[in-house]
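# Close look at the chain arrangement
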Amino acid sequence: MHKFANPAQFTKIASRVLPWTSSFAAVCSLFGLYFGIFDSPADYQQGETVRIMYVHVPAAWMSLFIYSLMAAASASFLIWKHSLADIAARSLAPIGAAFTAITLITGALWGQPMWGTWWVWDARLTSVLVLFFLYLGYMALVNAFDDPEKGSKAAAGLALIGFVNVPIIKFSVDWWNTLHQPASLSRLDAPAIDISMLTPLLLMALGFKLLLISILIIKMRTILIEKRIEAKQLLKSG
Amino acid sequence: MKKFLALVQRDLILVYRSANDAWVVLFFFVIAVTLFPLGIGPDPSVLQQFSGGIIWICALLSAMLSLDGVFQSDFDDGSLDQMILTSYPLELLVLGKCFVHWLTTGFPILLISPVLATMLNMNLDSYSTLLITMLLGTPTISLMGGVGAALVLGSRLSGVLISLIILPLIIPILIFSVAAINASGEGMEISSAVKLLGALLIISSVFCPWATAATLRNLTY
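Source: prediction; values computed, not measured. (Residues numbered from 1 in each chain as written. Chains lettered and ligands numbered in written order. Predicted model: local features only at pLDDT ≥ 70, side-chain atom pairs only at ≥ 80, totals over all residues. Heavy atoms only, no water.)

## Some thoughts on the overall build of chain B
A count of helical and extended segments in chain B gives 10 helices and 0 strands. Going from the N terminus to the C terminus, chain B shows its helices and strands as α-α-α-α-α-α-α-α-α-α. Overall, the C-alpha framework of chain B stretches about 55 × 35 × 30 Å when taken along its three principal axes. Expressed as a percentage of its 221 residues, the buried residues of chain B come to 50%. Considering only intrachain contacts with a sequence separation of at least 6, the fraction spanning at least 24 residues in chain B is 80%. Carbon and sulfur atoms provide 72% of the accessible area of chain B, an area that totals close to 10400 Å². Here chain B holds 8 positive side-chain charges and 12 negative ones, and the gap between their average locations is 14 Å. (Helix = DSSP H or I, 4+ residues; strand = E, 2+ residues; numbered from the N terminus. Buried < 20%, exposed > 50% of the residue type's maximum accessible area, 1.4 Å probe, protein only. Contact = heavy atoms within 4.5 Å. Areas by Shrake-Rupley, 256 points an atom, 1.4 Å probe, with all protein chains shown as cover. Lys, Arg positive; Asp, Glu negative; His and termini not counted. Charge placed at Lys NZ, Arg CZ, Asp CG, Glu CD.)

The following block contains the structure:
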């Protein structure tokens, strides 16, 4: 792991990986959307609106997954002082906020026909909203210092503290009796979902993961280049 | 223990010398509560229904106002660096500073809250619950807020930032407190919410000073 923490090494590998991840992301999402919209059955209770699931559920998984990644990157930044981990955490925050926003918006669109309301203050919805606030707080804190190093450290601390929210979101549907339905997939017995619906769901999830890797690489490369430009300008003016 | 008390005494003297700052927070709390009857209408039954929520929301907001100052003056004049350098555990010093913060903001708010509850026509059965939730909840805010105060130390706009960071994290305190107050108004069992508040206080009194001290060591060197 430490071998890849070298920015030059990272850029080299990332540039080679990026075309693959981005094209596979596109392929997976397109196939997932095709199967989800045209080639999967409507739900016997929910009708056609169930198709929102193919965006909503993978996006929700991503919102938690990205926060966990961000917390892990922040921890490795605080422990080993790898600047690349800091850059990764900084880049992950807006991506995670975007996926969380997608989750909340598609959830509202799905809730309107199913529950008859855009929004309810149940445990799952509220805790995801708090997750969204945590992402925004991270982004506000990381840029609030004149010394970027301090911003990174403070925001890394916040990311770690905010991690308490992740298990709360995950288990909120089990701990509290909520309007939001409990998990159908990650259960100890067989998943409670038909294979014709599971295929597009997993394809979309894979597509989103690859999309995340692609955007992350692009963002991290951009920050690395920005840092180099800054350093060169400092050299010139100094 | 002697040094701990010495720090508490020093900070209390500092607050006493600039007593204005402590009054301002209390005054803000009173004014903020006053706005609600004017905003949502003076109907006593409506106010009774919302009284617990109003008082708690205003208590959270007033705490946010004062939290960014917990370490600020010590940070500015360099005495925070000295505290970090001493052999005395920084965690205990942090605990002392959070205690002083609670004593000078949370406790006065607790003392005045029954008066405001009367003005909001709170159900008589809820007064004791209000005081219990305040007694358990406001120290937790000071402890969790200490972490936030350490995180925003030295940033621009630290006062607003701390609200952005800490308010989402102290939502459980608001939920359990108001749930207990409303339940007591309807004559229902409150012990589960109060126990959860107590658990939050115990967890944060162990975890928060440690997290705050780690943050302070990390940020200022």
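From this point on, the discussion continues.
## A look at the overall build of chain A
A count of helical and extended segments in chain A gives 7 helices and 0 strands. Starting at the N terminus and ending at the C terminus, chain A contains elements arranged as α-α-α-α-α-α-α. Overall, the C-alpha framework of chain A stretches about 70 × 35 × 30 Å when taken along its three principal axes. Per-residue burial over chain A gives 45% buried out of 238 residues. Once local pairs closer than 6 in sequence are excluded, the contacts in chain A between residues at least 24 apart make up 76%. Of the roughly 12600 Å² of accessible surface on chain A, 69% is carried by carbon and sulfur atoms.

## Describing the nonpolar core
Membership of the largest hydrophobic core comes to 122 residues, with the highest contact counts inside it found for A:Met70, A:Tyr138, A:Leu141, B:Phe71 and B:Leu216. If sequence neighbours within four positions are ignored, B:Leu216 has contacts with B:Phe71, B:Leu80, B:Ile84, B:Leu90, B:Val94, B:Ala150 and B:Leu153. (Core = buried A, V, L, I, M, F, W, Y, C linked by side-chain atoms within 4.5 Å.)

## Things to note about the confidence of the model for chain B
For chain B, mean pLDDT is 90; residues scoring 70 or higher make up 99% of the total. Per-residue pLDDT, averaged within each element of chain B, yields its smallest value for helix α1 (residues 2–17) of chain B (86) and its largest for helix α7 (residues 127–152) of chain B (94). (pLDDT = per-residue confidence, 0-100.)

## So, unusual backbone geometry
With a phi angle near 60°, A:Lys81 is a residue other than glycine that sits in the positive phi range. Note on placement: A:Lys81 falls in the loop between α2 (53–80) and α3 (83–115). Of note, B:Leu157 is a non-glycine position whose phi angle comes to about 55°, a positive value. Among the structural elements, B:Leu157 can be located in the loop between α7 and α8 (158–169).

## Re the pattern of salt bridges
Inspection of every chain in the model, using the stated rule, returns 8 salt bridges over all chains. Across the salt bridge formed by B:Arg156 and A:Asp146, the nearest N and O atoms sit 2.6 Å from each other. With one member in each of two chains, B:Arg156 in the loop between α7 and α8 and A:Asp146 in the loop between α4 (123–142) and α5 (148–162) form a pair that bridges those chains. Of the charged contacts, one joins B:Arg217 and B:Glu91 as a salt bridge, the two residues approaching to 3.6 Å between their closest N and O atoms. Placement of B:Arg217 in helix α10 (residues 191–219) and of B:Glu91 in helix α6 (residues 90–119) is noted, with a sequence separation of 126 residues between them. One salt-bridge network, held together by shared partners, links B:Arg10, B:Asp11, B:Asp74 and B:Lys97. (Salt bridge = Lys/Arg side-chain N within 4 Å of Asp/Glu carboxyl O.)

## Re the packing of aromatic side chains
Evaluated as defined, the whole model comprises 10 aromatic pairs over all chains. Aromatic side chains A:Tyr34 and A:Phe38 sit 5.6 Å apart centroid to centroid with 45° between the ring planes, which places their arrangement in the tilted category. Of the residues examined, A:Tyr34 reaches a relative accessible area of 45% and is grouped as partly exposed. A relative accessible area of 62% means that A:Phe38 is categorised as exposed. Consider the rings of B:Trp102 and B:Phe107, whose centres lie 5.4 Å apart with planes at 50°: the pair is tilted. Between A:Lys209 and the ring centre of A:Phe65, over which it is positioned, the NZ or CZ distance is 4.6 Å. (Phe/Tyr/Trp six-rings, centres within 6.5 Å; stacked < 30°, edge-to-face > 60°. Lys NZ or Arg CZ within 6 Å of the ring centre and 35° of its normal.)

## Some details on a nonpolar patch on the surface
The grouping of B:Ile202, B:Ile203, B:Val206, B:Phe207 and B:Trp210 at the surface amounts to a nonpolar patch, some 560 Å² of accessible area in total. On the secondary structure map, B:Trp210 appears in helix α10. (Patch = residues over 30% accessible without salt bridge, like charges linked within 9 Å, V, L, I, M, F, W, Y side chains within 5 Å.)

## A few points about the state of the cysteines
Residues and elements named next belong to chain B. One pass over the full model with this rule turns up 0 disulfides over all chains. Take Cys208: it sits in no disulfide, and the sulfur closest to it among the cysteines is that of Cys98, at 7.7 Å. Note on Cys208: relative accessible area 6%, which makes it buried. (Disulfide = S-S within 2.5 Å.)

## Let's talk about the interface of chain A and chain B
One frequently used descriptor of interface size is the decrease in accessible area upon assembly of the parts. Taken together, the 19 residues of chain A in the interface contact 17 residues of chain B. Between chain A and chain B, roughly 1600 Å² of surface is buried when both sides are summed, and carbon and sulfur atoms account for 71% of that area. Counting the contacts that link chain A with chain B gives 1 salt bridge. Of all the secondary structure elements, the ones that give two or more residues to the side of chain A that touches chain B are α4 and α5 of chain A. No other element matches α5(A), which puts 8 residues into the side of chain A that touches chain B. (Buried area = accessible area lost by both parts, 1.4 Å probe.)

## Regarding the side chain of B:Ser142
Residue and element names in this part refer to chain B. Along the chain, Ser142 falls in helix α7. Its relative accessible area of 3% is what places Ser142 among the buried residues. Engagement of the side chain of Ser142 in a polar contact is seen with the side chain of His101, the distance being 2.9 Å. In this structure Ser142 touches Leu67, Cys98, His101 and Trp102, once residues within four positions along its chain are discounted. (Polar contact = N/O pair within 3.5 Å; in protein donor to acceptor, adjacent residues only side chain to side chain.)

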